[in-house]
Amino acid sequence: MSHTEITAPLPGIEDAAGRCRIFDHGAHVARWQPEGSSHPVLWLSSASAYTAGKAIRGGIPICFPWFGPGLTGDKKPAHGFVRAIAWRRSEVVEDGDTLRVSYTIDPEITGRQPEFPHPYQARLTAEFAAAHLAVTLWARNTGDQPFTIEEALHTYLAVSDVREIAVDGLDGAVYLDKNLPEPAFDQVQSGSLRLTGPTDRVHLHGGAVTVSDPGYARRIRLSTEGSADVVVWNPWEEAAAGLADMPPGEWSGMVCVEAANVFADAVTLLPGEDWTMTQRIDVLGLDD
């Protein structure tokens, strides 16, 4: 899979056919459309910001080293600082029908971060293949004191209509519903998850999930390694109207299904320790 450099709207890499794209900004996977597919697998807002200091809406933003407001509930910016900073591109490898791009980040790149004053190194590797996309986030504690991280691969999937899809694989999983007045891990998923309104859930589930989309005649299977949680999110119409980078109506064409280690599943790294989390995406037919 041959590649080319891109400069607009931000520097990065894409393949010659325009089926995959990753930006240096946030090491942000922005596009993947497998061979034979008539629709991209990743959703990207038509109003996404492509400026330093702002996260891109859509694709796969990286939440690190905290999720949302963090374990203390007061961390800023939301979901950490690495998704709005250009990472260092460290490797681009072509291997037949596969394009592999890696990025690294550390305090030398981000500058001092008062909310996370720890020596660390992180690496994001995206493997674009004809039949799958695999994204791996690796982090190491390079200091002499332990620290705790939360992380998520905030994957926006493109769907024909979020009101018509089903998310399978979460049956029996305990989850936290962040839209409840007093959210706690006291809900249990029964059968397929069908979205009927604002959805913001963290499921205790480390296995695969599948998004069935009859409108696009496909199933998207997301399998993970190194993650304990699956986040499912869609803001729905009212909340989407308050997001400057989500134009009217576009909320119905996406659903976030995220590999994560958050809340009680946050990862504590001792000096010299590292952790790896991978999410792989495959596209199947409805009957596969």
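Residues numbered from 1 in each chain as written. Predicted model: local features only at pLDDT ≥ 70, side-chain atom pairs only at ≥ 80, totals over all residues. Heavy atoms only, no water.

### Description of the environment of Arg-221
Tracing the chain through its elements places Arg-221 in strand 18 (residues 218–225). For the pair Arg-221 and Ala-259, spaced 38 residues apart in sequence, the C-alpha separation works out to 12 Å. Residues in contact with Arg-221, not counting those within four places in the same chain, are Val-209, Thr-210, Arg-280, Ile-281, Asp-282 and Leu-284. (Helix = DSSP H or I, 4+ residues; strand = E, 2+ residues; numbered from the N terminus. Contact = heavy atoms within 4.5 Å.)

### Considerations on the nonpolar core
Nonpolar side chains tend toward joint burial in soluble globular proteins. Membership of the largest hydrophobic core comes to 64 residues, with the highest contact counts inside it found for Trp-87, Leu-124 and Leu-157. The residues touching Trp-87, leaving out its near neighbours within four places in the chain, are Asp-24, Gly-26, Ala-27, Ile-62, Val-82, Tyr-103, Thr-104, Ile-105, Ala-122, Arg-123, Leu-124 and Leu-137. Grouped together as the second largest cluster of nonpolar side chains are seven residues, Cys-63, Ala-152, Val-231 and Ala-260 included. (Core = buried A, V, L, I, M, F, W, Y, C linked by side-chain atoms within 4.5 Å. Buried < 20%, exposed > 50% of the residue type's maximum accessible area, 1.4 Å probe, protein only.)

### Concerning the pairing of strand 2 (residues 12–15)
Neither face of strand 2 is left uncovered, since the one carrying Gly-12 and Glu-14 and the one carrying Ile-13 and Asp-15 both have all their residues buried. Across four bridges, the pairing between strand 1 (residues 3–6) and strand 2 is antiparallel. Bridged to Thr-4 within strand 2 is Glu-14. Here strand 1 folds back onto strand 2 in antiparallel fashion, the turn holding five residues. In the sheet, strand 2 pairs with strand 3 (residues 20–23) via three bridges, with the strands oriented antiparallel. Each residue of the ladder has a partner; that of Glu-14, found in strand 3, is Arg-21. (Pairing = 2+ DSSP bridges.)

### Observations regarding the environment of Asn-261
Relative to the helices and strands, Asn-261 is located in strand 20 (residues 254–261). On the accessibility criterion, Asn-261 (2% relative accessible area) is buried. Separated by 59 residues in sequence, Asn-261 and Val-202 place their C-alpha atoms 9.8 Å apart. Excluding its chain neighbours within four sequence positions, the residues that come into contact with Asn-261 are Ile-149, Glu-150, Glu-151, Gly-226, Ser-227, Ala-228, Asp-229, Ala-266, Val-267, Trp-275 and Met-277. Polar contacts involving the side chain of Asn-261 include one to the side chain of Glu-151, which spans 2.8 Å. Reaching out from Asn-261, the side chain makes a polar contact with the backbone nitrogen of Ala-228 at a distance of 2.9 Å. (Polar contact = N/O pair within 3.5 Å; in protein donor to acceptor, adjacent residues only side chain to side chain.)

### Topic: the side chain of Thr-210
Here Thr-210 is to be found in strand 17 (residues 209–213). Its relative accessible area of 10% is what places Thr-210 among the buried residues. The residues touching Thr-210, leaving out its near neighbours within four places in the chain, are Ala-166, Val-167, Asp-168, Arg-219, Ile-220 and Arg-221.

### Things to note about the packing of aromatic side chains
Under the criterion given, the structure shown has ten aromatic pairs. Look at Tyr-156 and Trp-233: their rings are 6.2 Å apart centre to centre, the planes differ by 85 degrees, and that puts the pair in the edge-to-face class. Separated by 77 residues along the polypeptide, Tyr-156 in strand 12 (residues 156–158) and Trp-233 in strand 19 (residues 229–234) bring together distant segments of the chain. Judged by its relative accessible area of 2%, Tyr-156 is buried. (Phe/Tyr/Trp six-rings, centres within 6.5 Å; stacked < 30°, edge-to-face > 60°.)

### Here we look at the pattern of salt bridges
Evaluation of the coordinates by the stated rule reveals eleven salt bridges. A salt bridge links Asp-24 to Arg-89; its shortest N-O distance comes to 2.9 Å. Taken together, the residues span a long stretch of sequence, with Asp-24 in the loop between strand 3 and strand 4 (28–32) and Arg-89 in strand 6 (residues 88–95) at a distance of 65 residues. Note on Arg-89: relative accessible area 26%, which makes it partly exposed. Arg-163 is the salt-bridge partner of Asp-161, the closest N and O atoms lying 2.9 Å from each other. Members of the salt-bridge network, linked through shared partners, are Glu-5, Asp-24 and Arg-89. (Salt bridge = Lys/Arg side-chain N within 4 Å of Asp/Glu carboxyl O.)

Shape descriptors only; they carry no functional weight alone.
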